[in-house]
Structures are given as C-alpha cells and as structure tokens.
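Descriptive structure summary
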Amino acid sequence: MKTRYSFGGDEHIFVEVDEEMSMEAFFKSLSMTTAVRESKINGVTEICPANASLQVKFDPDVIKPDDMLAILKSLEANAESADAELDTRIVEVPAYFNDPWTRETLMRFRERHQDPSGTDLEFAARINGYGSVEEFIAAYHGSPWFVSMVGFVAGLPFMYQMVERERQIEVPKYLRPRTDTPKQTIGYGGCFACIYSVRGAGGYQMFGITPMPIYDPNQEISYLRDFMVFFNPGDIVKFRPIDRAEYDHLLGEVEANRFTPKIHDVTFSLAEFHNDIDGYNHKLEETLNGS
Amino acid sequence: MAVKVISPGLATSVQDLGRPGYYHLGIPISGGMDRLALRAANLLVGNVEGAAVLETVFMGPELEFTSDAMVAVTGAELPPKVDGDARATWTAFPVKSGQVLGFDYLKAGARGYIAISGGIDVPLKLNSRSTYPLGGLGGFEGRNLQAGDELRLRSATGGVKEGASIPQDLRRLPGSPAELRTLPGIYWHRITESSQRNFFEDMWEVAPEADRIGYRFRGGQVLEFVEREQPFGAGSDPSNIVDGCYPYGSIHVPGGTEPIVLHRDAVSGGGYFMLGTVISADMDLIGQLQPHTPTKFVEVDMQTALEARADRSHLLNAIRKALG
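Residues numbered from 1 in each chain as written. Chains lettered and ligands numbered in written order. Predicted model: local features only at pLDDT ≥ 70, side-chain atom pairs only at ≥ 80, totals over all residues. Heavy atoms only, no water.

Observations regarding the environment of B:L78
Residues and elements named next belong to chain B. How we decide: For helices the rule is a DSSP run of H or I covering at least 4 residues; for strands it is a run of E covering at least 2, with both sets numbered from the N terminus onward. Two residues form a contact once any of their heavy atoms are found within 4.5 Å.
Assignment of secondary structure puts L78 in the loop between β5 (69-77) and β6 (80-82). Along the chain, L78 and Y113 lie 35 residues apart, while their C-alpha atoms are 9.4 Å from each other. Sequence-distant contacts of L78, defined by excluding residues within four places in its chain, comprise T56, F58, G60, V73, T89, F103, D104, Y105 and L106.

Digging into the interface of chain B and chain A
Threshold: A 1.4 Å probe defines the accessible area here, and the buried area is the portion of it lost by two parts on being joined, summed over both. Salt bridges are defined by distance alone: a side-chain nitrogen of Lys or Arg within 4 Å of a carboxyl oxygen of Asp or Glu. Any pair of nitrogen or oxygen atoms within 3.5 Å is treated as a polar contact; in protein, a donor-acceptor pairing is required on top of that, and neighbouring residues in sequence qualify only through side-chain atoms on both sides. Residue type decides the class: Asp, Glu, Lys and Arg count as charged, Ala, Val, Leu, Ile, Met, Phe, Trp, Tyr, Cys and Pro as nonpolar, and the leftover types, Gly among them, as polar.
Facing the 47 residues of chain B at the interface are 56 residues of chain A. Regarding the contact of chain B and chain A, the summed buried area is about 4,100 Å², with carbon and sulfur atoms giving 61% of it. Here chain B and chain A share 6 salt bridges between them. Note that A:K173 and B:D243 form a salt bridge whose closest N and O atoms lie 3.9 Å from each other. Between chain B and chain A we count 21 residue pairs in polar contact (both at pLDDT 80 or more) in total. Among the elements of the structure, β16 (240-245), β19 (269-272), β20 (274-278) and α4 (302-323) of chain B are those that each provide at least two residues to the side of chain B that touches chain A. When the residues that make up the side of chain B that touches chain A are grouped by side-chain class, the tally is 27 nonpolar, 16 polar and 4 charged.

With respect to the sheet that holds strand β4 (residues 53-58) of chain A
Residues and elements named next belong to chain A. The criterion, for reference: The rule for pairing is simple: two strands pair if DSSP sees at least two bridges between them. Structural elements are reduced to axes, namely lines fitted to C-alpha atoms, with helices fitted over the stretch in contact, and the angle between N-to-C directions of any two is expressed from 0 to 180 degrees.
Pairing is antiparallel in the open sheet, where 4 strands are placed in the order β1-β2-β4-β3. Looking at the sheet topology across the chains shown, the edges are occupied by β1 (4-8) and β3 (44-49). Within the sheet, the average angular offset between the axes of one strand and its neighbour, ignoring direction, is 15 degrees. Where strand β2 (residues 12-16) meets β4, 5 bridges bridge the pair, whose relative direction is antiparallel. Residue pairing for β4: I13 is matched across the bridge by V56.

Re the domain arrangement of chain A
Residue and element names in this part refer to chain A. The test is simple: As annotated, the domain borders come from an automatic or database domain assignment.
Assigned domains of chain A: these are domain 1 (4-82) and domain 2 (87-288). Summarising the inter-unit geometry, the C-alpha centres of domain 1 and domain 2 are found 28 Å apart. Listed per partner, the contact involves 11 residues of domain 1 and 16 residues of domain 2. Overall, the association of domain 1 and domain 2 removes approximately 1,200 Å² of surface from exposure, summing both partners, and the carbon and sulfur fraction of that is 72%. Of all residues in domain 1, M21, M23 and N51 give up the largest surface area on contact with domain 2, accounting jointly for 49% of the area buried on that side. Its salt-bridge partner being E20, residue R165 comes within 3.4 Å of it at the nearest N-O pair. A total of 5 residues in the side of domain 1 that touches domain 2 trace back to one element, the largest contributor, which is helix α1 (residues 23-39). Here the side of domain 1 that touches domain 2 is composed, by residue class, of 7 nonpolar, 2 polar and 2 charged.

Next up, the structure:
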C-alpha cells in the first residue's frame, strides 16, 4: 500500500490509500478520516471516506492548498500506527433474493447485460464458479459485510464482504447503466455489494430486495427520525434471507411504522478477524442474535 | 404572500447556496449552479445573498403573484415579462398582486435566477432550502415545480430600489467556445501522453445529457489508457477504479469516450477514473452552457486556479459595491 495525494481542483484533496481494495486499505482510509475529523482543521468543509481512499473538501480562502496537504500527510503517520480496532455496530438486513421486482426490471434491460439469456444471479453464480444460484446466494448471506463507503446517491451503502480474497465475489457492472432500479434493490458491482436507497439509474447487477428503508428525507420512519440516512462507513451488515411471505409481512410492519432493524454494538479487531475469519464472523453473528 | 405556479417551465426548482456537510453520506451540496447570478439576483431585491430563489433552465415558468413584490432575473438572457410587458434582466422591477410574471424565449446562457423580495419560504432541510430531486430532499416537496404549486414568500426586509441594475461589465456568461479551466490530477496518469495532449487540444461540445448532476461533452478523440493489470475490486474496464469519492467539478470519462463534469447535485462517488477537476472559479459558467456549445478544457496550475478564485471574489465585491 502506497498512499497517493492529488488535488481535485482548488477545493479538494483526493487521498488514495491503495489502488486495490482490501480490509487494510479500508481500515487505513477510515482511520485517516477519523484523524482528520478529530483534528477539526479550520477550513475543512467535507470529509468523505471511501473504500480504499478518502477525500477532503476545504475552503482555499481559509487554508492554503499546500498547507492542507501537509496536514493530511502528517496525519497519515498516526493513522498507520493506530490499532486496527473499531467500535461499531452490526445490523441485520432482511433480504428477499431472486424477487419478482428486480427480476422484472432486469428483464426490461436485458440488452444492456453481458448475458442477455439469463438472470443477473445466474450470471454472477456462473462466473464466480458456483454450481447453482442457491449456493451463490448462500455464500452471499453466509458471511457479514463492512459498509466501506456511503454515497453515489443519498444514503447508499457500498459493502465489502468479510472473507478471504479467494472467496470474494466479483462481477462486472452492466455494459450500459439501466435507467431504472427498484428502491432498496440489493446489488453488486466489482467487489462491492450495495443497497439502492432510492429508485433510479444504476449499473450494478441485481440480486434481491430488502423491505427495510435506509433513507427517509421526511424523517417519519421511527429509526430514521434523528437522521435521514441509516448507514455509516464502518457499520457491519449481516443479510438474513427471507421468503415472499416474510417480505410481505415486514413491508406491512414498515408501512405501519412498527419495523425496527436488529442492531447490536460490537468492537471489531482486524487482527483477531484475520486469525480465524469464519470463527470471528460466527462470533459477530452470535452477538447480533444475543446468544 | 404567495406565488402560484401557472406553468413550471422545463425544470424549475427552489435553490439557495446549498447544503454542505453531508457529501460523505451521498447528499450533494446542491444549490444554484450559477452562484454568482443567484447572489446578484438576491442583492437586487434586497434579500440576503443566500436567500432561496427559483432556478429555471432553458424555458421560464409562468407565475401569478398574490401579493406585491420586487423581482429580479439574472444569469441567462431569459427576458422577463409582467402581464406580457418586457422587463430587463439583471434589474429589479415590481410585480403587483394579481400580475403574472412570464418569460420570452431564451437568448443566451441556460439558467435564469428569479429572486423575489423576501425569498422563497420552504422548510429548511439540513440547513438549506435547496432542492435535491434525486433524493426527494428540500425545496418544494423535494421536487421540481409543477403547475398548481403555491410558493409562500418570507417577509421582505426592505432596502429595495426599483430599477437597480447590475452594470453590464459585471455580468458573466460563457463565451464561444466556452473555456473551462482545469487542474489535471487524481487519475490523470491513467491516460497516455498523447491522450493528455488531445484532451486539452480537442474541441468538445456540450451533449444533450447535461443537468444539475453533471454535464456531458462529446466530439473529442477517444482517450487511450496506460496499460495495467486492473487492481482487485476496480472492475474490468481500463476507465474503472475502486469506487472512490468524486470532487465537485471532477471530470470522468467512462470508457474513455465522453467526459462528464460533475456539478452541484453530483453523485458523490463511483467507479470511474477522473482525469482532473474544473477549477472553482469556472463552476458557475458550466450552469450557463447550452447543449452543442463548443467547449475547450484549458490546462491551468494551482496558482492560476487560486488567482481566478480571487478574481471571482473581487467581481462579487464589485457587484455588492455597485448596489450598495
């Protein structure tokens, strides 16, 4: 990993922690983000962590670009020496895979896909070496995910699965982006999962849908009353597969404003995780389930 | 104290100076694309510079006033009319209760800023009245205006001089070709030296796909990428990167073909490389570009970018002084 700095015009500095994605690059970008935030540098207006990079927006009338750059570089050293531990939360997201709504949408845009003859799930299962769609879905929800970035559009989480690189799922994006994606679609592109927070354009493969709202600009949903965006970078997500009957039931609960997501506080240690990935993930899941 | 929307124009929205501080959650700054014009319009009608105005693109709305107010229209040459009688742009004029503010055809530029004394009264969302339609956030019910909407106005603070006008030499619209000064960087090294040269030498033109999220350009040569093995997680196309944050004004070239410059409603991040960023001083100009406008990207360094930024703030001070 070699950190690279570049100015984005006269108001931004782009910090690439690594060209490629890894848990280490994500942790370093998150820890630099925290360091920048805690430094409360006069003139900084936005601090945006991403998967393996971060971006700082500043007012060059308040702080000179070169001074801003020097401060960021000095903070990098601290970020490297920091223990890779994170106080965060694990969240259960109910997921209805292979649902009729994303299937209807993917059929409408089939000519924009690499494999017009099948579904996104069939394509992704095949190119990742799974024998069946069911096995692929089992791997998808079998291990938890880190929210490694929030963005693109309001409240959309990018998620990186907490498994060895050999087990990471990789899929290309659509050849040409769709003009429509159902709200709360569970998608995948590159090595990242996402949940579309709003209906709109999108290029990620579509695998399923969640009944759980993650963005509410009107702040009426009980758990989004304090803030309209649900996810933060660093959150851990565990998908729980549900069927049509449970999807319909949960949707009813959401509409009656009775649904609240299952959440538990956890401290994540990168070293312990690497020692025994499946064992550590299993413990996280037990914490979530309160056992 | 209200304004009724008889017809909304093409895409008219409530905007102020935007909503900084939430980009890390995918909520863009929004606000007027041409901020200088927005400030000038407010100053003309005696508002604070960041009061909420209407931003209208290509074709103006028709608005019926239910109370007396002062109005100014700046930005594009989109000539206002009161009950059919022409009024000047960049100049304060009264509209009486019962009168209708309409517009003639667009003559130059792309976006008009309609300031009304007091300012548009919509609820503050994350400290701003700006509309972010993609997220259904802010403005009038989170969307562009529709026929039948009724906009309330805040109480005017006074200090308005009928006929007050911004001198011609303090108004700004892009020339032809438009010139967008650009600081190369971020993933500039991903394209070959000859493509780096071509990008700045080629004449581009604004594509029809140009909105508040971003402006697309076409007509230049396809960019060639420096060969590499794609890093893990970046995706297979050479224009792909591991999804990162996008600066406002950053220039993306998906597949190396058509550059997109992100603007006030930018998507906050994604998986396309950026070759540089349009400098802050030239962001306003982009909002005034019509489709098919020939455009050159002009390479500058940081020093030039900061000087241009200083010029821009001198211009704003000159406007304040001209009206003070």
